[in-house]
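If you want the building blocks of each chain, they are given just below.
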Amino acid sequence: MWLRPEEVLLKNALRLWVTQKSSGYFVLQRRRGHGDGGGRFTGRLVGALDAVLDSNARVAPFRILLQVPGSPVYSAIACGATLEEINQHWEWLEQNLLHTLSVFDNKEDIVSFVKGKVKALIAEETRSKVAEQEEDPEKFREALVKFEARFNFPEAEKLITYYSCCCWKGKVPRQGWLYLSINHLCFYSFFLGKELKLLVPWVDVQKLERTSNVFMTDIIRITTSSKERDFSMFLNIDEAFRIMEQLADVTLRRLLDNEIFELDPGLQDPTQITKRDLEARAQSEFFRAFFRLPGKEKLHEVADCSLWTPFSRCHTAGRMYTSDSYICFASKESGCCNVLIPLRENSLVFHSTCVFSDCESQDLGMVASQSEDKSEGEKESSPLLNAEALRSVFHQSGAEGSDFRMSREQIKERLWNDHFAEYGRTVCMFRTEKIRKLVAMGIPESLRGKLWLLFSDAVTDLASHPGYYGNLVEASMGKCCMATEEIERDLHRSLPEHPAFQNETGIAALRRVLTAYAHRNPKIGYCQSMNILTSVLLLYAKEEEAFWLLVAVCERMLPDYFNHRVIGAQVDQSVFEELIKERLPELAEHMKDLSTLASISLSWFLTLFLSIMPLEGAVNVVDCFFFDGIKAIFQLGLAILEANAAELCNSKDDGHALMILSRFFDHIQNEESPLPPIGNHHAFFSDDQEPCPVTEIADLIRDSYEKFGDHSVEQIEHMRYKHRIRVLQSHEDTTKQNVLRVVIPDVSILPEDLEELYDLFKREHLMSCYWQGMRPVILRHDPSRPYAEQYRIDSQQFTNLYKLVSPWTCGEHTQILAERTFRLLDENMDHLIEFKGFASCLDVMYNGEMNEKINLLYRLHIPPALTENERHSQSPLKNSLLSTSRPLVFGKTNGDTIDYQKQLKQMLKDLAKEDTKTEKAMPKMSQREFIQFCKTLYSMFHEDPEENSLYQAIATVTTLLLQIGEVGQRSSSLGSGSDEFTEDVQSEASDQDTVFTDTVKTTHKETQSLPVTEGNWIISFEQILASLLTEQSLVNFFEKPLELKPKLENAKQNQYCLKTNGVSDQSLAEHMKLNTQ
């Protein structure tokens, strides 16, 4: 292929290259070690070097150089992987360039001409290759076949894209292929006879970042709970990282944050996600964040263009963005000019000063203003709703310096009116650096509410939903729920120092807005801090306008802030910590744990500083927020910390740091505000014994823009991606620790083993989400549920885990035993079980006493664990081991004998005494249930080292129990409570057997109310337990210590095997060593 001309020195390169052809200005060379076998040692050495290098950095074996006669400097203009490819380039040069070069007199002109031609060829080749890449799927299909063969996932695991790269294992790079699928990151390498396979589920990723190490300046590092993996030498690392970032974000939100997250329509089905979809999603998210648009806006097209800007009388270069409801423009020079045009009505087409191409300029907001007036005229204000902002109703004016302040307000109003005349006065206005400076100075009181509506574009929602708010108020009033109760509690805590909220008029308006929003968006409902924000909105906007401003803040400008887990606020707190480390390193070094600052600053973000600083200064912060979004809060927070950095670095503890910041906030003022100073009842407690300098809010905001205003929206969004992963994983760790804290006291499993068991349990749940669609377990997953109920598994998932970790494996019978165990644990019959029940069951199997293990086995063979179908399965009584005619005396190896009838007599006497102490006896076992119980025991003993002795022991016990059951069966068949039957039995039995008659009487009384089935052949748990205790080999089997850790280690390696298709567990486990950590 053609290369952008780069100069090379041939002085040392001749040892690596051999010249094949040459002409007046071109040289064709072959790399040693390729093609001919000459120079065997040198060729092998160079060949080995090329094999070690990354395939993207690997040198092509053929190249063409442009040479200037008399100069030692050559320029590489083409390379090729094969001789045929490079010969095509050579022939093109001979046919198209060689005969034309003779017309040039100057050698430099020849070089310039050739380089220009090559660059033109590269440009044409690039365009054609992009189109070919999009349309020709052959290479992707080939990669997909290799991906499926190497990792053997189910078909539902869709491959998104793949890259050639290196994975660093210590200090050694392993060249291979990185496969990115919808749920996993996979890497495969085969180097020097060694195969390496890595598998990392996206849901296990705790950190995804671009960084550097000792050897490489740009690598992608993926961190899980226990390992770090570095990947480098990508051909296009920017694209690779962007796709990885999107996949991690989509998967984590889909699986861990589905409380509020709704995927784009194109991403609802993970199996339909493509690389193109992810790139489009990234562009749409940037578009929405940059212009602060509703979450449903999907970007359709981006085009480079120029915009005619009348204020500068020139065309401004930039990009135009189009979506369903908006046309937006952003200049290439940051902050130069941005425009947002809502397409809220068909009448609004292009009647604005935003003239693209050669369109003539017209008045900026004429149609928009008409639309607003029309919508306002259409809707009739309800007599219950406030038609004016509370500020105008409860007007206050300061006593001292009121004339000065009012004159300052008039100057500001005049400046804004001049700006409107030149830049427009509606939502479609030109947004330039000049307007940012006006906002930083503080918006005039009379214009504040209107400009908040324009900057947030809440005016579009207001105009397009006439009557919506009034209907919401009517629908929500009088309804009682948890949200309304919380609202009522907080009504009188909202700006209680302001006269507007010392009056029922203001309180009622606040109640209506908050209740209407809770009714509109029940997923958010009501969250503390919404009351403070809404009360300030009501001061400067009409009631309906305040409602739509609240909608804009909660759903667009502060996404995910006001919900059950405040994920959005925590993500931004984490971003803020990173910004502190980056911009204020000395402060970060002093305060090793920045979580203290994060806990303090959380209210800064949730209330936009309204609860922290005096109101007359805080509203200026809200001005900047509505114009610049969350960026304004980040930069102001950094400016505040910088202003107090010296004192904070000298602070003794967290309490002292809190006091320093509290005192600083209490001494912020706005001398230009026409309002009198209002005390802040929400501020932190502060001690004013020491004098503190007064800080002017305008100066603080100006410093924040000058010193920290260089962070772009794109940078902040990338930081949010990174920290959202950390925050979501932190929530998962919290859930895990809380579940373990509840379970640990109730089980004997070691905490570290229990933690690994929880990871397996959670992974089993997630694997069903990967590949089995929307099963009930997924529909029921809700992070807002109690910790123990967040992850539950169904019958098939439980069976998979049972096979991996249970010590009671019974060959083919294991599946049946697992299903019975699940039915036993599913007490509420919702077909799902929680981790606590699963762990408790395993604890009995591994650490329980013998009677506890037999108790569990017994319950697995009676309803509800044993179903009606299993009770009527084929009887194993034909087996000679279960014969009732076997003698009850066996010879021992030393010649002694054991009289089992004597043991049985004593056992039944003891059981008769125990019956009186038992509070709640378990149901008796029927003959068919007992048969299933015996089948399970025989299966459990298979392949045990003591198999023969166990079979002999269980045969003895089974014969004994069958004889006991037959006695009860005869009792039932001869008549209920018959004294004649008792006498008959006594005459048939010897004096030593009187215990049987006692047992029959007891058994008959207990089962008198039961229906007569199977001749009422029944046996009790106590009888089974006592019989098993008579055999030492059985006692040894159930009391031998069992190790859970080896099972867990094996399960971590083989858990994925049970999900694959067409490959046995054993062959896959031997073939594939997956890193699922």
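Keep in mind it's a predicted model, so treat the numbers as computed, not measured.

Draft legend 1. Geometry of the overall build of the protein chain. For the protein chain, the helix and strand inventory stands at 42 helices and 25 strands. Looking at the 1077 residues of the protein chain, the share that counts as buried comes to 52%.

Draft legend 2. Broad picture of the sheet that holds strand β12 (residues 228-232). The antiparallel open sheet is built from seven strands, whose spatial order is β9-β8-β7-β6-β12-β11-β10. Because the sheet does not close on itself, it has two edges, and the strands there are β9 (194-201) and β10 (207-211). Going from strand to strand, the sheet's axes swing by 30 degrees on average, the running direction of each strand aside. As judged from the five bridges shared by β10 and strand β11 (residues 219-223), these two strands associate in the antiparallel manner. Looking at the pairing, R210 lines up with I220 of β11.

Draft legend 3. Quick look at the confidence of the model for the protein chain. Confidence along the protein chain averages 79 in pLDDT terms, with 76% of residues attaining 70 or more. Every residue in residues 128-135 is under pLDDT 50, and counting partners more than four places away or in other chains gives two contacts. Ignoring residues within four places in sequence, the model shows residues 976-1014, a span with pLDDT below 50, making 34 contacts including any to other chains.

Draft legend 4. Structural view of the pattern of salt bridges. Scanning all chains against the criterion turns up 42 salt bridges. The partner of D238 in a salt bridge is R210, and the shortest N-O contact between them spans 2.5 Å. Taken as a pair, D238 in helix α5 (residues 237-256) and R210 in strand β10 lie far apart in primary sequence, 28 residues in all. With a relative accessible area of 42%, D238 lands in the partly exposed category. Under the relative-accessibility criterion, R210 is labelled partly exposed at 32%. Between D490 and R493 there is a salt bridge; the shortest N-O distance is 2.9 Å.

Draft legend 5. Region of the structure containing a nonpolar patch on the surface. A cluster of nonpolar residues, I411, L415 and M441, forms a patch on the protein surface that exposes about 220 Å² of accessible area. Examined against the element boundaries, L415 turns out to sit in helix α9 (residues 402-423).

Draft legend 6. Spatial organisation of helix α26 (residues 713-743). Taking 1.5 Å of rise per residue, the 31 residues of α26 would be expected to cover 45 Å, and the 45 Å separating its terminal C-alpha atoms lies within 8% of that figure. The largest bend in α26 comes to about 25 degrees, at H723.

Draft legend 7. Spotlight on the nonpolar core. By size, the foremost hydrophobic cluster in this structure holds 255 residues, and its most contacted members are W604 and F835. If you tally residues by element for this core, the top one is α5, at 11 residues. The residues touching F835, leaving out its near neighbours within four places in the chain, are V739, L740, V743, L754, L757, Y758, F761 and Y791. Counting 19 residues, the second-largest nonpolar core is a separate cluster that includes W2, L66, A78 and L101.

Draft legend 8. How the structure looks around the packing of α5 against helix α6 (residues 275-291). Where α5 meets α6, the closest approach of the two axes is 10 Å, and the angle between their N-to-C directions is 85 degrees. Of the possible angle classes, the one that applies to α5 and α6 is roughly perpendicular. Contacts between α5 and α6 involve E239, R242, I243, Q246, L247, D249, V250 and R253 from the former and K275, L278, E279, R281, A282 and E285 from the latter. Here the contact of α5 with α6 is built from residues that sort into five nonpolar, one polar and eight charged.

Draft legend 9. How the structure looks around the pairing of strand β8 (residues 184-191). With six of eight residues buried, β8 lies mostly within the body of the structure. Direction of pairing for strand β7 (residues 172-181) relative to β8: antiparallel, over a ladder of four bridges. The residue of β8 that forms the bridge with L178 is F187. Remark: two residues form the turn of the hairpin made by β7 and β8, two consecutive strands paired antiparallel. The pairing of β8 with β9 spans eight bridges and is antiparallel. Across the sheet, the residue bridging to H184 is P201, located in β9. Following β8, the chain reverses through two residues before pairing antiparallel with β9; L192 in that reversal takes a positive phi of roughly 55 degrees.

Draft legend 10. Molecular detail of the pairing of β7. Within β7, seven of the 10 residues are buried, which leaves the element mostly enclosed by the surrounding structure. Bridge analysis of strand β6 (residues 159-169) against β7 gives 10 bridges, and the strand direction is antiparallel. In the sheet register, S164 faces β7, and the bridge partner there is W177. Turn length for the β6-β7 hairpin, with the two strands adjacent in sequence and antiparallel, is two residues, and the turn residue G170 shows positive phi of about 70 degrees.

Draft legend 11. Local environment of the packing of aromatic side chains. As enumerated under the stated definition, the model contains 48 aromatic pairs in all. Where F147 meets Y179, the ring centres are 5.5 Å apart and the plane angle is 40 degrees; that geometry is what we call tilted. Pair noted here: F147 is in helix α4 (residues 138-151) and Y179 is in strand β7, with a separation of 32 residues, a long-range link. The class of F147 is buried, set by a relative accessible area of 1%. Of the residues examined, Y179 reaches a relative accessible area of 2% and is grouped as buried. When the centroid spacing of 5.8 Å and the interplanar angle of 25 degrees are considered together, the rings of F287 and Y321 count as stacked. With F287 in helix α6 and Y321 in strand β14 (residues 314-322), this residue pair connects regions lying 34 residues apart in the sequence. By the ring-pair criterion, three or more aromatic residues cluster together here, those being F576, W604, F605, F609, F634, F664 and F665.

Draft legend 12. Spatial organisation of helix α15 (residues 504-520). Here α15 is 17 residues long and its end C-alpha atoms lie 24 Å apart, about the 24 Å a rise of 1.5 Å per residue gives. Taken together, the buried positions of α15 are G506, I507, A508, A509, L510, R512, V513, L514, T515, A516, Y517 and A518. Buried residues in α15 make contact with α8 (390-393), α13 (468-476), α14 (482-490), α16 (530-540) and α17 (543-557). Residue N503 occupies the N-cap position of α15, its side-chain oxygen lying 2.7 Å from the main-chain nitrogen of T505.

Draft legend 13. The arrangement of the packing of helix α27 (residues 751-771) against helix α31 (residues 835-847) in detail. Packing of α27 against α31 leaves a shortest axis separation of 11 Å and a crossing angle of 125 degrees. Taken together, the axis directions place α27 and α31 in an arrangement best described as oblique. The two elements α27 and α31 meet at a crossing, and its hand is right-handed. Where α27 abuts α31, its residues L754, L757, Y758 and F761 lie against F835, F838, A839 and L842.

Draft legend 14. Expanded view of the environment of L453. In this structure, L453 sits in helix α11 (residues 448-456). Considering only alpha carbons, one finds L453 and T426, 27 residues apart in sequence, at a separation of 9.6 Å. Leaving out residues up to four positions away in the same chain, L453 has contacts with A458, V459, E545 and L549.

Draft legend 15. Geometry of unusual backbone geometry. In this chain, P863 is followed by P864 through a cis amide linkage whose omega measures 5 degrees. Relative to the helices and strands, P864 is located in the loop between α32 (850-859) and α33 (868-871). Notably, R313 is not glycine yet its phi reads approximately 50 degrees, a positive angle. What makes R313 exposed here is its relative accessible area of 69%. With a phi close to 65 degrees, E943 is a non-glycine residue in the positive phi region. Structurally, E943 can be placed in the loop between α35 (927-941) and α36 (947-974). For E943, a relative accessible area of 66% translates into the label exposed.

Draft legend 16. How the structure looks around the environment of H711. Tracing the backbone through its elements, the reader meets H711 in the loop between α25 (697-708) and α26. Judged by its relative accessible area of 9%, H711 falls in the buried class. Sequence separation between H711 and Q635 is 76 residues; the distance between their C-alpha atoms is 8.5 Å. Other than its neighbours up to four places away in sequence, H711 contacts L579, E582, R583 and K631. Within polar-contact distance, the side chain of H711 engages the side chain of E582 at 3.4 Å. Within the local environment of H711, its side chain forms a polar contact with the side chain of R583, the two groups lying 3.4 Å apart.

Cut-offs used in this document
- Residues numbered from 1 in each chain as written.
- Predicted model: local features only at pLDDT ≥ 70, side-chain atom pairs only at ≥ 80, totals over all residues.
- Heavy atoms only, no water.
- Helix = DSSP H or I, 4+ residues; strand = E, 2+ residues; numbered from the N terminus.
- Buried < 20%, exposed > 50% of the residue type's maximum accessible area, 1.4 Å probe, protein only.
- Pairing = 2+ DSSP bridges.
- Axes fitted to C-alpha atoms, helices over the stretch in contact; angles between N-to-C directions.
- pLDDT = per-residue confidence, 0-100.
- Contact = heavy atoms within 4.5 Å.
- Salt bridge = Lys/Arg side-chain N within 4 Å of Asp/Glu carboxyl O.
- Patch = residues over 30% accessible without salt bridge, like charges linked within 9 Å, V, L, I, M, F, W, Y side chains within 5 Å.
- Areas by Shrake-Rupley, 256 points an atom, 1.4 Å probe, with all protein chains shown as cover.
- Expected span 1.5 Å × (residues − 1).
- Bend = angle between axes of the 7 residues up to and from the residue.
- Core = buried A, V, L, I, M, F, W, Y, C linked by side-chain atoms within 4.5 Å.
- Parallel < 35°, antiparallel > 145°, perpendicular 65-115°, else oblique.
- Nonpolar A, V, L, I, M, F, W, Y, C, P; charged D, E, K, R; others polar.
- Phe/Tyr/Trp six-rings, centres within 6.5 Å; stacked < 30°, edge-to-face > 60°.
- Polar contact = N/O pair within 3.5 Å; in protein donor to acceptor, adjacent residues only side chain to side chain.
- Left-handed = near helix turned anticlockwise from the far one by under 90°.

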